[in-house]
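What the coordinates show
Below, each chain spelled out in residue letters.
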Amino acid sequence: MADTMHLSKQELVEKAQAEMRRQFADSQWTKRERLALTCRILFDGGHDSGLAGQITARAETPGSYYTQRLGLGFDEITASNLLQVDEDLQVQEGDGMPNPANRFHSWIYRARPDVQCIIHTHPLHVASLSMLEVPLEVSHMDNCTLYGDVAFLEKWPGVPVGNEEGEIISAALGDKRAILLSHHGMLVAATTIEEACVLSLQFERAARMQLLAMSAGTIRPIPPELGTEAHDWILTPKRSQIGFAYYARRALRTHTDVLT
């Protein structure tokens, strides 16, 4: 005899979320390992643009973060070749130099104590959409992790190696988890590495879907209350962990050196 058929949607949501927390353990990968896996996952997910883009995560030492070494592509990042740098991009641990464009990450970390990981990339469909100077439109259930959570910087401030760009981008981001940067690319600022990774994958997919839909007709908006409901249902810490674990397993089948 079924005993859940009388429950409301909210009760069923809470029941499912509680079961997920019971069934799925937290990740045992270190922060360095999760960051290196993220580089490989995003490489496979179409975020490769040569040496462009930066992926960072707060390190254990206050005022410092991990990032990749300039000169290495996302497909070459391992847990051992990541750098630890301070807000001035001075290397505290590791060999090599960071990307000078990491400077605007320092501004975002200062402005947003809640942010633990920043991903900035130039994937093909996001970069193409950015050339149109139009915001990202979230109008499909799968993309609702980004619903109401994407800011838009309409005017390009130039290459982000100065403090001016850091001020502009961090102010435009505000309290959102993501931003579309015109004539540039995308940025995700999330509470965990796992969340940042899955949101970045979804951002590129959403941009691709938007370009396809725009070529066929006019995109119709979804009801705001349903978009918010879907956002809150999909974007939970445990769902992000589960999604990341899947993408990590897939990456580890081909990127066998990533955890070295």
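All figures in this text were calculated on a predicted structure; none of them were measured in a lab. (Residues numbered from 1 in each chain as written. Predicted model: local features only at pLDDT ≥ 70, side-chain atom pairs only at ≥ 80, totals over all residues. Heavy atoms only, no water.)

**So, the overall build of the chain**
Stated precisely, the cut-off is as follows: Numbering of helices and strands starts at the N terminus; helices are DSSP runs of H or I of at least 4 residues and strands are runs of E of at least 2. For this measure, only C-alpha atoms enter the radius of gyration; the expected value for a globule follows 2.2 Å times N^0.38, where N is the number of residues. Three exposure classes are used, based on accessible area relative to the maximum for each residue type with a 1.4 Å probe and protein chains only: buried under 20%, partly exposed in between, and exposed over 50%. What makes two residues a contact is simply this: any of their non-hydrogen atoms within 4.5 Å. Accessible surface is estimated by sampling points in the Shrake-Rupley manner with a 1.4 Å probe; for residues, cover comes only from the protein chains shown.
A count of helical and extended segments in the chain gives eight helices and eight strands. A globule of 260 residues ought to have a C-alpha radius of gyration of about 18 Å, and the chain, at 19 Å, matches this closely. Here the chain holds 260 residues, and 47% of them are scored as buried. A separation threshold of at least 6 residues defines the contact pool for the chain, and within that pool the share at least 24 residues apart is 69%. When the accessible surface of the chain is totalled, it reaches about 12700 Å², and 54% of it is carbon and sulfur.

**A word on the side chain of E194**
Within the element layout of this structure, E194 appears in helix α6 (residues 193–216). Residue contacts for E194: discarding those within four places in its chain leaves S27, R34, S240, Q241 and F244.

**Some points on the UniProt feature "domain: Class II aldolase/adducin N-terminal" (unreviewed entry) in the chain**
Put simply, the test is: UniProt positions are given in the numbering used here, feature names are shortened, and annotations may be inferred rather than shown by experiment.
UniProt tags residues 33–211 as "domain: Class II aldolase/adducin N-terminal" (unreviewed entry). Measuring from the first to the last C-alpha atom of residues 33–211 gives 34 Å, for a span that is 34% helix and 20% strand.

**Here we look at the sheet that holds strand β8 (residues 185–190)**
Where we set the bar: Pairing between strands is defined by DSSP: at least two bridges between them are needed. Angles here are taken between N-to-C directions and fall from 0 to 180 degrees, while the axes themselves are lines fitted to C-alpha atoms, restricted in helices to the stretch in contact.
Pairing is mixed in the open sheet, where eight strands are placed in the order β4-β3-β2-β1-β5-β8-β7-β6. Sheet topology places β4 (91–93) and β6 (150–153) at the edges, where each strand pairs with a single neighbour. Taking each pair of neighbouring strands and ignoring which way they run, the sheet shows an average axis angle of 25°. Where β6 meets strand β7 (residues 178–181), four bridges bridge the pair, whose relative direction is parallel. Bridging across to β7, A151 finds its partner in I179.

**Points about the packing of α6 against helix α8 (residues 237–252)**
A pair of packed helices is characterised by two quantities: the angle between their axes and the separation of those axes. The test is simple: For classification, angles of less than 35 degrees are called roughly parallel, those exceeding 145 degrees roughly antiparallel, those between 65 and 115 degrees roughly perpendicular, and all remaining angles oblique. Residues are grouped as follows: nonpolar covers Ala, Val, Leu, Ile, Met, Phe, Trp, Tyr, Cys and Pro; charged covers Asp, Glu, Lys and Arg; every other residue, Gly included, is treated as polar.
Remark: α6 packs on α8, axes separated minimally by 8 Å, with the N-to-C direction vectors making an angle of 70°. Relative to α8, the element α6 lies roughly perpendicular. Residue-level inspection shows E194, E195, C197, V198 and L201 of α6 in contact with α8, the latter providing S240, Q241, G243, F244 and Y247. Across the contact of α6 with α8, the residue classes tally to five nonpolar, three polar and two charged.

**With respect to the pattern of salt bridges**
Cut-off, in case you're wondering: A carboxyl oxygen of Asp or Glu within 4 Å of a side-chain nitrogen of Lys or Arg is what we treat as a salt bridge.
Per the counting criterion, the structure on display carries twelve salt bridges. Measuring nitrogen to oxygen at the nearest pair gives 2.5 Å for the salt bridge that ties E19 to R22. Note that E19 and R22 are positioned in helix α1 (residues 9–23) at a spacing of three residues, about one turn of the helix. E19 sits in the partly exposed class, given a relative accessible area of 33%. Exposure remark for R22: the relative accessible area of 59% places this residue in the exposed category. Between K155 and E133 there is a salt bridge, with the nearest N and O atoms lying 3.7 Å from each other. Residue K155 is found in the loop between β6 and α5 (163–173), and its partner E133 is found in the loop between α4 (124–130) and β6; the two are separated by 22 residues along the sequence. For K155, a relative accessible area of 54% translates into the label exposed.

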